[in-house]
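Below, each chain spelled out in residue letters.
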Amino acid sequence: MLYKTITKENFRRMIEGLMEDNDVFGPKWRDRDKNGDKVYRFLKLNDFDELQMDYTRTYSSPKNFFIPFKETLSTYDLAETEWDQQIRYTVHPRVIVGMRACDINALRKLDEVMVKSAFPNPYYFARRRNTVIIGLDHEPLEDCFCRSVNADVVFKGFDLFLTDIGAKYFVAIGSDTGYRIVDRFGGEEVSEADQDAFKSMKKRIESKFKTQVDVTIVPELMDLEFESEVWERWGDKCMSCGSCAMVCPTCYCYGVEEDVDLSFTHAAKQRFLYSCNLIDFAMVAGDHNFRPEPHIRLKYRYYHQFRGFVEAFNQSLCVGCNRCGVACLAGISPKAVIDDLNETEQR
Ligand code: SF4
Ligand code: SF4
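Calculation rules
- Residues numbered from 1 in each chain as written.
- Chains lettered and ligands numbered in written order.
- Predicted model: local features only at pLDDT ≥ 70, side-chain atom pairs only at ≥ 80, totals over all residues.
- Buried ≥ 20, exposed ≤ 12 C-beta atoms within 10 Å, placed from the backbone.
- Helix = DSSP H or I, 4+ residues; strand = E, 2+ residues; numbered from the N terminus.
- Arc of directions from axis to C-beta.
- Contact = placed C-beta atoms within 7 Å.
- Domains from an automatic or database assignment.
- Nonpolar A, V, L, I, M, F, W, Y, C, P; charged D, E, K, R; others polar.
- Pairing = 2+ DSSP bridges.
- Axes fitted to C-alpha atoms, helices over the stretch in contact; angles between N-to-C directions.
- Near = placed C-beta within 6 Å.

## Some thoughts on helix α4 (residues 176–184)
Now for step 1: Buried within α4 are the following residues: Gly 178, Ile 181 and Val 182. Down the axis of α4, the sector holding all buried residues measures 90°, keeping them to one side. Pointing more than 90 degrees away from the buried face of α4 are the exposed residues Asp 176 and Asp 183.
Now for step 2: Against the buried residues of α4 lie β1 (2–7), α1 (8–21), β8 (160–164) and β9 (168–173).
Now for step 3: Phi turns positive one or two residues past the end of α4, at Gly 186, with a value near 90°.

As structure tokens, this is what we get:
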């Protein structure tokens, strides 16, 4: 890995320069929540001053730049016995600034499924290839447990990754594109003082973690406690709203539907994000539902995050952002469920 530093003034020039040729997105302050805390969202920047580098958390994750809530996979023109299908996956070059390590790690996990699998997803791949990612270190929030699932640091999956060391950013360079960008906008060699500032900032970040989730034997517990009352205890609270999966940076379940217009001459195939907690997720023809009860659906969501993905890719799918815990009106969070599962095993 190559490292440089960039002054905050040059960082400003960098973002303004990138905005000339690309769509640049970053965290913007949108509103306040019921407690009066600021609500941020990744949105297109029209001006550098809109960029909130000190943002806390976005409710929904940057995943939706790569897997939108709804997207058109193809359109059709139908005429008598002829039909013509159009498929487009061109993406205007764009930059996302300020992504956290956990959200970049989430993308790397999605890459395993969407890019490296036997059936790559060309829509996702086109977006990934045409997006420059400039990540940003941050102090964890009280409920972040990314450290427990090894997602608090990131070494791949970005072009540049910044750590604030005062008057400058310490910059990890993750790609040729990243190198050219930082070089063009005044990247400097790392001095001894920069290294010291970087190390003390990393130590400071490390010391701020408050929440731990013990996932050491969770994959095994998922099998051993398959029939545990834990699932009913939490599942009975679940309202099957699907919010947890919508805000999760790694959930990627989806549905596909065809929209045919009334003239029967045009049609579109649409894909939309779905949630395994929704009541009809496992519904099949004949009205049979393989997972009719909320606790069974909740269990399988946790299975995918902490058991199935581990078996397939040797890592959990969850990156510990706790967005699902924040979004859930029933108070269901990975920490609460996994702590309960661990305690059940000890009882
Ligand atoms: S957000 Fe909470 S209530 Fe809604 S589906 Fe997820 S676990 Fe259930
Ligand atoms: S904490 Fe929740 S929202 Fe965040 S990655 Fe894990 S399952 Fe998804």
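## Let's talk about the domain arrangement of the protein chain
Now for step 1: Its domain assignment divides the protein chain into domain 1 (2–70 + 81–207) and domain 2 (218–346).
Now for step 2: Here the C-alpha centre of domain 2 lies 26 Å away from the C-alpha centre of domain 1.
Now for step 3: Taken together, the contact pairs 22 residues of domain 1 with 22 residues of domain 2.
Now for step 4: Broken down by element, the residue count for the side of domain 1 that touches domain 2 peaks at 8 residues, all from helix α2 (residues 101–114).
Now for step 5: Classifying every residue of the side of domain 1 that touches domain 2 by side-chain character gives 12 nonpolar, 4 polar and 6 charged.

## Quick notes on unusual backbone geometry
Now for step 1: With a phi angle near 65°, Asp 287 is a residue other than glycine that sits in the positive phi range.
Now for step 2: By C-beta crowding, Asp 287 is classed as exposed, having 7 other C-beta atoms within 10 Å.
Now for step 3: Of note in this structure, Asn 314 is not a glycine but carries a positive phi near 60°.
Now for step 4: For Asn 314, the location among the structural elements is in the loop between α9 (294–313) and α10 (323–327).

## Quick notes on the sheet that holds strand β6 (residues 94–99)
Now for step 1: Spatially, the 7 strands line up as an open sheet ordered β1-β9-β8-β7-β6-β2-β3, and their pairing is mixed. What marks the edges here is a single partner per strand, and that holds for β1 and β3 (38–44). Averaged over all neighbouring strand pairs, the angle between strand axes comes to 25°, with direction disregarded.
Now for step 2: When strand β2 (residues 23–32) meets β6, the two strands line up parallel, connected through 3 bridges. Among the inter-strand pairings, Val 24 is bridged to a residue of β6, identified as Val 95.
Now for step 3: Against the sheet, α1 engages β1, β2, β6 and β9, with an angle of about 95° to β1.

## Quick word on the site of ligand 2
Now for step 1: Neighbouring ligand 2 are 13 residues; Cys 248, Cys 318, Cys 321, Arg 323 and Cys 324 lie closest to it.
Now for step 2: Along the lines of polarity and charge, the residues of the shell around ligand 2 split into 8 nonpolar, 4 polar and 1 charged.

## So, the sheet that holds strand β5 (residues 82–86)
Now for step 1: Taken in spatial order, the 4 strands make up an open sheet running β5-β4-β11-β10, and their pairing is antiparallel. The sheet is open, and its two edges are formed by β5 and β10 (254–260), each paired on a single side. In this sheet, adjacent strand axes meet at a mean angle of 20° when their direction is disregarded.
Now for step 2: Pairing analysis gives 5 bridges linking strand β4 (residues 70–79) to β5, with the strands arranged antiparallel. Each residue of the ladder has a partner; that of Tyr 76, found in β5, is Gln 85.

## Some thoughts on the site of ligand 1
Now for step 1: Neighbouring residues of ligand 1: 13 residues in total, closest Cys 238, Cys 241, Cys 244, Asn 277 and Cys 328.
Now for step 2: Broken down by class, the residue content of the shell around ligand 1 amounts to 9 nonpolar, 4 polar and no charged.

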